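# Examining the three-dimensional arrangement
Each chain, letter by letter, is given below.
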Amino acid sequence: MAPYTITYFPVRGRCGATRIMLSDQGQEWKEIVVNFEEWMKGDLKKTCVFGQLPKFEDGDLVLFQSNAFLRHLGRRHGAYGKNDCEAAHIDMFADGVEDLRTKYLKMIYQEYETGKDAYIKDLPNHLCKFEAVLAKNKSGFLVGDSISFADYSLFEVLLNHQVLSPTCLDSFPALNSFVATLSARPKIKAFLDSEDYKKLPINGNGKQ
Ligand code: GTB
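Residues numbered from 1 in each chain as written. Predicted model: local features only at pLDDT ≥ 70, side-chain atom pairs only at ≥ 80, totals over all residues. Heavy atoms only, no water.

The omega angle of the peptide bond from Leu53 to Pro54 is 15 degrees, so this bond is cis rather than trans. Relative to the assigned elements, Pro54 resides in the loop between helix 3 (43-47) and strand 3 (55-58). Although it is not a glycine, Gln65 sits at a positive phi angle of roughly 80 degrees. With respect to the element layout, Gln65 can be found in the loop between strand 4 (61-64) and helix 4 (66-76). (Helix = DSSP H or I, 4+ residues; strand = E, 2+ residues; numbered from the N terminus.)

Given below as structure tokens:
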């Protein structure tokens with residue numbers, strides 16, 4: 001049995017990219033699903049370093065913070081660049097994706113009704129940055145010529161944005177091709193087609 005365990009609420013949420021990465025890397029993992037009523041009792045929260053889920057276990061190693069999971073898996077599975085310079089760029093782009101994810105989550109959880117339209121209108125100003133990176137680095141990946149954890153993170157954020165605004169990538173050929181290529185990787189395709197993936201809402205409040 002794989003050493004990996006994800007403990008989280010029944011959503012894609014902050015574990016979407018981790019699950020896609022584990023699938024693509026041919027890894028198995030166990031899911032411990034925590035419903036919100038159970039969480040509200042507070043016993044599990046007290047054991048979480050930052051009082052929040054998700055939690056990720058690799059054998060005896062216990063991690064919190066979803067981007068730390070991705071970095072750990074990047075080191076474990078050769079998806080963190082070929083040298084320190086590539087790794088530094090991968091960190092940089094992963095942080096850029098995190099900035100976009102944070103804006104998206106703020107809109108979803110705090111201002112969906114009042115802010116969704118303005119968010120979608122402003123989206124090209126963020127997407128164009130990633131478009132430029134992918135267009136320049138001809139490999140189809142953000143950095144170097146192989147997939148990194150930053151690619152999985154960007155991919156998952158783009159999938160969520162295509163649900164929010166189905167046409168949002170139409171004027172970004174490199175991003176469109178990036179999503180098509182990653183979606184067609186056999187293990188990712190199998191995961192995205194699975195009930196395990198489809199049954200989970202993107203976000204905890206049902207907005208998407
Ligand atoms: N920076 C952290 C990371 O990347 O892991 C952020 C973790 C985080 O925001 N965790 C949220 C949490 O634990 C859940 S993700 N909240 C509970 C608390 O703080 O007590 C968002 C979310 C919200 C609601 C649901 N839900 O209702 O099912 C699911 C997910």
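Once that is clear, we can look at the UniProt feature "domain: GST C-terminal" (unreviewed entry) in the protein. Those residues carrying the UniProt feature "domain: GST C-terminal" (unreviewed entry) are residues 83-202 in this numbering. Along residues 83-202, the helical share is 77% and the strand share 0%, with 34 Å between the first and last C-alpha atoms. (UniProt positions renumbered as here; feature names shortened; annotations may be inferred.)

The next point concerns the site of the ligand. Near the ligand lie 15 residues; those nearest to it are Trp39, Lys45, Leu53, Gln65 and Ser66. With respect to the ligand, the side chain of Gln65 contributes an N or O atom lying 2.6 Å from a nitrogen atom. Isolated, the ligand exposes 680 Å² of accessible area, and the fraction of that covered by the protein chains is 76%. Of the residues in the shell around the ligand, the class split is 8 nonpolar, 5 polar and 2 charged. (Near = heavy atom within 4 Å. Polar contact = N/O pair within 3.5 Å; in protein donor to acceptor, adjacent residues only side chain to side chain. Areas by Shrake-Rupley, 256 points an atom, 1.4 Å probe, with all protein chains shown as cover. Nonpolar A, V, L, I, M, F, W, Y, C, P; charged D, E, K, R; others polar.)

What follows covers helix 8 (residues 173-184). The end-to-end C-alpha distance of helix 8, which contains 12 residues, comes to 16 Å, matching closely the 16 Å that a straight helix rising 1.5 Å per residue would cover. For helix 8, the complete set of buried residues consists of Ala174, Leu175, Phe178, Val179 and Leu182. Down the axis of helix 8, the buried set is contained in an arc of 135 degrees. They therefore lie on one face. In this structure, the buried residues of helix 8 make contact with helix 6 (112-136), helix 7 (149-164) and helix 9 (186-193). (Expected span 1.5 Å × (residues − 1). Buried < 20%, exposed > 50% of the residue type's maximum accessible area, 1.4 Å probe, protein only. Arc of directions from axis to C-beta. Contact = heavy atoms within 4.5 Å.)

Another aspect to go through is the packing of aromatic side chains. In the structure shown here, the tally under the stated rule is 8 aromatic pairs. Here the aromatic rings of Phe9 and Trp39 are separated by 5.4 Å at their centres, their planes lie at 90 degrees, and the arrangement is edge-to-face. Taken as a pair, Phe9 in the loop between strand 1 (4-8) and helix 1 (16-24) and Trp39 in helix 2 (residues 36-40) lie far apart in primary sequence, 30 residues in all. The exposure class of Phe9 is buried, given its relative accessible area of 15%. Residue Trp39 is classed as buried on the basis of its relative accessible area of 7%. Cluster of aromatic residues (ring-pair linked, three or more members): Tyr8, Phe9, Phe36 and Trp39. Taking the ring centre of Tyr197 as reference, the NZ or CZ of Arg12 above it sits at 3.9 Å. (Phe/Tyr/Trp six-rings, centres within 6.5 Å; stacked < 30°, edge-to-face > 60°. Lys NZ or Arg CZ within 6 Å of the ring centre and 35° of its normal.)

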